[in-house]
Amino acid sequence: MRDTQRSAVYEAETLVRTMFDRADERGLRSVEVMGSTITLPVERKFGSVESVQAYCDQLLGLNWVLATWPRATIPVSVRSRAGNAAAHYSNDVIAVPDDRDGRWALREFVVLHELAHHLGDPTSDEASHGPEFVDRYTSLVGEIIGPEATFVLRAMFLAGGVRTD
């Protein structure tokens with residue numbers, strides 16, 4: 001199936017990550033999003049590929065994750081990726097850039113995005129960044145980072161024309 005939402009999903013995620021980064025830089029937790037004042041939760045950042053692996057292992061072992069997505073029983077491997085442009089998921093492997101310029105990817109939003117790919121049914125005909133993926137991703141963000149993060153992410157998806165259902 002054609003992945004028509006890919007660029008819109010990435011653009012919305014970039015806006016959200018930038019919002020979180022600027023809030024961290026300025027020491028602010030409250031931001032205004034579409035007329036609502038939101039207190040941003042803390043987004044975890046990782047120091048190494050190994051810490052991303054440990055995070056993924058723990059997340060996939062959570063009871064609610066196991067009950068929601070059958071593929072949570074399938075382990076995911078995390079490895080370093082050359083270059084710094086993107087993280088990637090394929091065949092139960094998450095690849096994250098971790099050199100000096102790629103450390104931007106060692107963060108919770110990016111890892112949850114890749115785990116949302118892992119948790120999808122590989123035998124379905126869903127688009128890689130289609131509504132089913134968006135639902136998994138926003139569910140993970142809401143439960144792990146917090147409902148405020150989901151609000152911000154959904155608002156940016158809406159503003160960018162991303163279909164969520």
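In this text, all values refer to a predicted model and were calculated from it rather than measured experimentally. For every chain, the first residue of the written sequence is number 1, and numbering continues from 1 along that sequence. Given that this is a predicted model, residues contribute local features only at a pLDDT of at least 70 and side-chain atom pairs are listed and counted only at 80 or more, while totals for whole chains, interfaces and linings are drawn from all residues. Water and hydrogen atoms were dropped before computing side-chain values, which therefore reflect all heavy atoms in the structure.

Peer 1: Mind showing me how you'd approach the nonpolar core here?
Peer 2: Soluble globular proteins tend to pack their nonpolar side chains together in the buried interior. The term nonpolar core refers to a set of buried residues drawn from Ala, Val, Leu, Ile, Met, Phe, Trp, Tyr and Cys, joined through side-chain atoms within 4.5 Å. Only protein chains enter the accessibility calculation, which uses a 1.4 Å probe; a residue is then buried when its area is under 20% of its type maximum, exposed when over 50%, and partly exposed in between. By size, the foremost hydrophobic cluster in this structure holds 50 residues, and its most contacted members are Leu-112, Leu-115 and Tyr-137. Think of it this way: any DSSP run of H or I at least four residues long counts as a helix, any run of E at least two long counts as a strand, and we number them from the N terminus. Sorting the residues of this core by element identifies helix 1 (6-26), strand 1 (30-33), helix 2 (49-60), strand 5 (93-97), helix 4 (108-119), helix 5 (131-144) and helix 6 (147-159) as the ones contributing at least two each. Contacts were defined at the residue level, with two residues in contact if any of their heavy atoms lie within 4.5 Å. For Tyr-137, the residues in contact, after removing those within four places along its chain, are Glu-13, Phe-109, Leu-112, His-113, Ala-116, Leu-153 and Phe-157.

Peer 1: What am I meant to see in the packing of helix 5 against helix 6 here?
Peer 2: Two quantities define a packed helix pair, namely the angle between the helix axes and the distance between the axes. Closest axis-to-axis distance for the helix 5/helix 6 pair is 7 Å, and the angle between their directions is 150°. Taken together, the axes of helix 5 and helix 6 are roughly antiparallel relative to one another. Residues Val-134, Asp-135, Tyr-137, Thr-138, Val-141 and Gly-142 of helix 5 pack against Pro-147, Ala-149, Thr-150, Leu-153, Arg-154 and Phe-157 of helix 6. Residues that form the contact of helix 5 with helix 6 fall into these classes: seven nonpolar, three polar and two charged. The axes are straight lines fitted to the C-alpha atoms, using for helices just the contacting stretch, and the angles between their N-to-C directions are given from 0 to 180°. Orientation labels follow simple angle bins: below 35 degrees gives roughly parallel, above 145 gives roughly antiparallel, 65 to 115 gives roughly perpendicular, and whatever is left gives oblique. Think of it as three bins: nonpolar holds Ala, Val, Leu, Ile, Met, Phe, Trp, Tyr, Cys and Pro, charged holds Asp, Glu, Lys and Arg, and polar takes everything else, Gly as well.

Peer 1: Explain helix 4 here, please?
Peer 2: Each α-helix winds once per 3.6 residues, and so residues spaced three or four apart point in a common direction. Here the expected span of a helix is defined as 1.5 Å times the quantity of residues minus one. With twelve residues, helix 4 extends 16 Å from end C-alpha to end C-alpha; this agrees with the ideal 16 Å at 1.5 Å per step. Of all twelve residues in helix 4, twelve are buried, a share of seventy percent or more. Along helix 4, the residues that are buried comprise Glu-108, Phe-109, Val-110, Val-111, Leu-112, His-113, Glu-114, Leu-115, Ala-116, His-117, His-118 and Leu-119.

Peer 1: Looking at this structure, how should I read the environment of Trp-104?
Peer 2: With respect to the secondary-structure elements, Trp-104 resides in the loop between strand 5 and helix 4. Along the backbone, Trp-104 and Thr-14 are 90 residues apart, and their C-alpha atoms lie at a distance of 11 Å.

Peer 1: When you look at the packing of aromatic side chains in this model, what are you seeing that I'm missing?
Peer 2: The relative placement of two aromatic rings is captured by the distance of their centres and the angle of their planes. Here a Phe, Tyr or Trp ring, Trp counted by its six-membered ring, pairs with any other such ring whose centre lies within 6.5 Å, and the pair is stacked when the planes are under 30 degrees apart, edge-to-face when over 60, and tilted otherwise. Evaluation of the coordinates by the stated rule reveals five aromatic pairs. Summarising the aromatic geometry, the rings of Phe-133 and Tyr-137 are spaced 5.8 Å apart at their centres and angled 20° between planes, so their arrangement reads as stacked. Pair noted here: Phe-133 and Tyr-137 are both in helix 5, with a separation of four residues, about one helical turn. Taking relative accessible area as the criterion, Phe-133 reaches 0% and is therefore assigned buried. The exposure class assigned to Tyr-137 is buried, which follows from its relative accessible area of 1%. Among the aromatic residues, those joined into a ring-pair cluster are Phe-133, Tyr-137 and Phe-157.

Peer 1: What should I look at first to understand the environment of Ile-145 in this one?
Peer 2: Among the secondary structure elements, Ile-145 is positioned in the loop between helix 5 and helix 6. For Ile-145 and Val-42, which are 103 residues apart along the polypeptide, the C-alpha to C-alpha distance reads 7.0 Å. Setting aside residues up to four positions removed in sequence, Ile-145 forms contacts with Pro-41, Val-42, Glu-43, Glu-108, Phe-109, Leu-112 and Leu-140.

Peer 1: I keep staring at the side chain of Arg-107 and nothing clicks. Help me out?
Peer 2: Within the secondary structure layout, Arg-107 lies in the loop between strand 5 and helix 4. Think of a polar contact as two N or O atoms within 3.5 Å of one another; within protein, one of them needs to be a possible hydrogen donor and the other a possible acceptor, and neighboring residues in sequence only count if both atoms come from side chains. Side chain to side chain, Arg-107 and Asp-21 meet in a polar contact 2.9 Å long. Those residues within four positions of Arg-107 in sequence are excluded, and the remaining contacts are Arg-17, Phe-20, Asp-21, Glu-43, Arg-44, Lys-45 and Phe-46.

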